[in-house]
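# Understanding the architecture of this molecule
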Amino acid sequence: MTLPALQNTGVIYRRILSHFPQDISLAFVYGSGVFKQHGTSQGQMEKNMLDFVFAVDDPVTWHTMNLLQNRRHYSILKILGPTKISSIQNDYGASVYYNTLVPADGRIIKYGVISTDSLIDDLMHWKTMYVAGRLHKPVKMLVQSENGKLRAALVSNLKSAVMASFLMLPESFTEEELFLQIAGLSYAGDFRMKIGEDKSKVSNIVNDNIQHFRILYSNILRDCPQVVYKPPQGRLEVDKSPEGQFIQLMALPRTLQQRITKLVDLPGKNRDVEEILLQVAQDPDCGAMVHQGFCVLVLSGLRKTFSYSSKKLMKMWKGWKRKQSASQIS
């Protein structure tokens, strides 16, 4: 299944994409510079930064070519070369390497580069949910290769977002409530939403883009045996029985399942995941446990990205400087 492409993708995005090496398995652009958000004028949108993500099969080759074409995009880390840049990308943080504040065709952009394998892993297992969370929301898909594993992972990511949201919603709810829940998944536990980010960010994303969310999720909702979907009324009814919730829990990505089980399982018991999730499914606070699992997942990803990554990068930078000093002495 190919994800539905949003209509009227502007030529500006394709022009910007043409400045980069074309060996890209997936490329999309997202954010407030692309989709109208509540209270934002067209003029403001055109001034906002454009956010791109590129998935590439061979990061070393891609960065080699991009350094030749767009060396000025990179920070001082460019002197480390494409192999080291790719190592930084793959091994630290959320497996994404970003270049930011890049002027392109009259706009300011930032772009993240992730390996196709790392993207598939995040989509399937939500190890960090960094890119997977962005793909829960509407994006403008610019390139999507025929890679069958990638295409399946993209759809799996959307199905996982639906199942997780079902667990945290009541038995009956509206489309808007579902889409608000889905859009908020990647912000659960994100301290930035409490100390500086617009607290109405999730509703601003959803309010003016309901139709785009329908494009993403309508087929999944129609085919899902766990829900009665009534598009004309814009309402849904989900199976909240212990059996239904157990099916939904078992359909969650592995990392989220692990976060939930750690909240419930006492140290030393070492019960298997299926046994613990069966217990969670029968608990009246099942939805709250899933939400708490999300908070831990998102917070862990943020800590890994902002703390662990920066420490490792500093260590690598000092190591490179020592090597340079030694070579100059010799």
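Structure: above.
Predicted model, so just to flag it, every value in this text is computed and none were measured.

Parameters and conventions
Residues numbered from 1 in each chain as written. Predicted model: local features only at pLDDT ≥ 70, side-chain atom pairs only at ≥ 80, totals over all residues. Heavy atoms only, no water. Buried < 20%, exposed > 50% of the residue type's maximum accessible area, 1.4 Å probe, protein only. Helix = DSSP H or I, 4+ residues; strand = E, 2+ residues; numbered from the N terminus. Pairing = 2+ DSSP bridges. Salt bridge = Lys/Arg side-chain N within 4 Å of Asp/Glu carboxyl O. Phe/Tyr/Trp six-rings, centres within 6.5 Å; stacked < 30°, edge-to-face > 60°. Lys NZ or Arg CZ within 6 Å of the ring centre and 35° of its normal. Axes fitted to C-alpha atoms, helices over the stretch in contact; angles between N-to-C directions. Contact = heavy atoms within 4.5 Å. Parallel < 35°, antiparallel > 145°, perpendicular 65-115°, else oblique. Left-handed = near helix turned anticlockwise from the far one by under 90°. Nonpolar A, V, L, I, M, F, W, Y, C, P; charged D, E, K, R; others polar.

## Brief notes about the pairing of strand 1 (residues 26-30)
For strand 1, the buried fraction is high: 5 of the 5 residues fall into the buried class. Residues Leu26, Phe28 and Tyr30 point to one face of strand 1 and Ala27 and Val29 to the other, with burial holding for every one of them. Inspection of the sheet shows strand 1 paired to strand 2 (residues 50-56) by 5 bridges, in the antiparallel sense. Within strand 2, the residue paired with Leu26 across the bridge is Ala55. Here 4 bridges tie strand 1 to strand 5 (residues 140-144), and the two strands are oriented antiparallel to one another. Paired with Leu26 across the bridge in strand 5 is Gln144.

## Examining the pattern of salt bridges
Under the defined criterion, the tally for this structure stands at 5 salt bridges. The residue Arg15 makes a salt bridge to Asp105 at a minimum N-O spacing of 2.9 Å. Residue Arg15 is found in helix 1 (residues 11-17), and its partner Asp105 is found in the loop between strand 3 (96-104) and strand 4 (107-115); the two are separated by 90 residues along the sequence. Judged by relative accessible area, Arg15 falls into the partly exposed class, the value being 45%.

## Some remarks on the packing of aromatic side chains
Using the criterion set out here, one finds 13 aromatic pairs in the structure. A centroid spacing of 6.4 Å and a plane angle of 75° characterise the contact between Tyr98 and Tyr130, whose relative ring orientation is edge-to-face. Of this pair, Tyr98 sits in strand 3 while Tyr130 sits in helix 6 (residues 130-134), and the two are 32 residues apart along the sequence. For Tyr98, a relative accessible area of 24% gives the class partly exposed. A connected cluster of aromatic rings, assembled from ring pairs, spans Phe20, Phe52, Phe54, Trp62 and Tyr111. In this structure, Lys110 is placed above the aromatic ring of Tyr98, and the distance from its NZ or CZ to the ring centre is 5.3 Å.

## Focus: the sheet that holds strand 8 (residues 235-238)
Strand order in the open sheet formed by 3 strands is 6-8-7, and the pairing between neighbours is antiparallel. Each edge of the sheet is formed by a strand with only one pairing partner; in this case those strands are strand 6 (172-174) and strand 7 (227-230). On average, each strand axis in the sheet is tilted by 20° relative to the strand beside it, whichever way the strands run. Alignment of strand 6 against strand 8, held across 3 bridges, turns out to be antiparallel. Bridged to Phe173 within strand 8 is Leu236. Most of the contacts of helix 8 (residues 175-184) go to strand 6, to which it runs at about 85°, and overall it touches strand 6, strand 7 and strand 8.

## Describing the packing of helix 5 (residues 116-125) against helix 7 (residues 148-168)
Helix 7 packs onto helix 5 with a crossing angle of 30° between their chain directions and a minimal axis gap of 8 Å. It follows that helix 5 is roughly parallel to helix 7 by the angle criterion. Here helix 5 runs over helix 7; the crossing is left-handed. Contacts between helix 5 and helix 7 pair Thr116, Leu119, Ile120, Leu123 and Met124 from the former with Lys149, Leu150, Ala153, Leu154, Ser156 and Asn157 from the latter. In terms of residue class, the contact of helix 5 with helix 7 is made up of 7 nonpolar, 3 polar and 1 charged.

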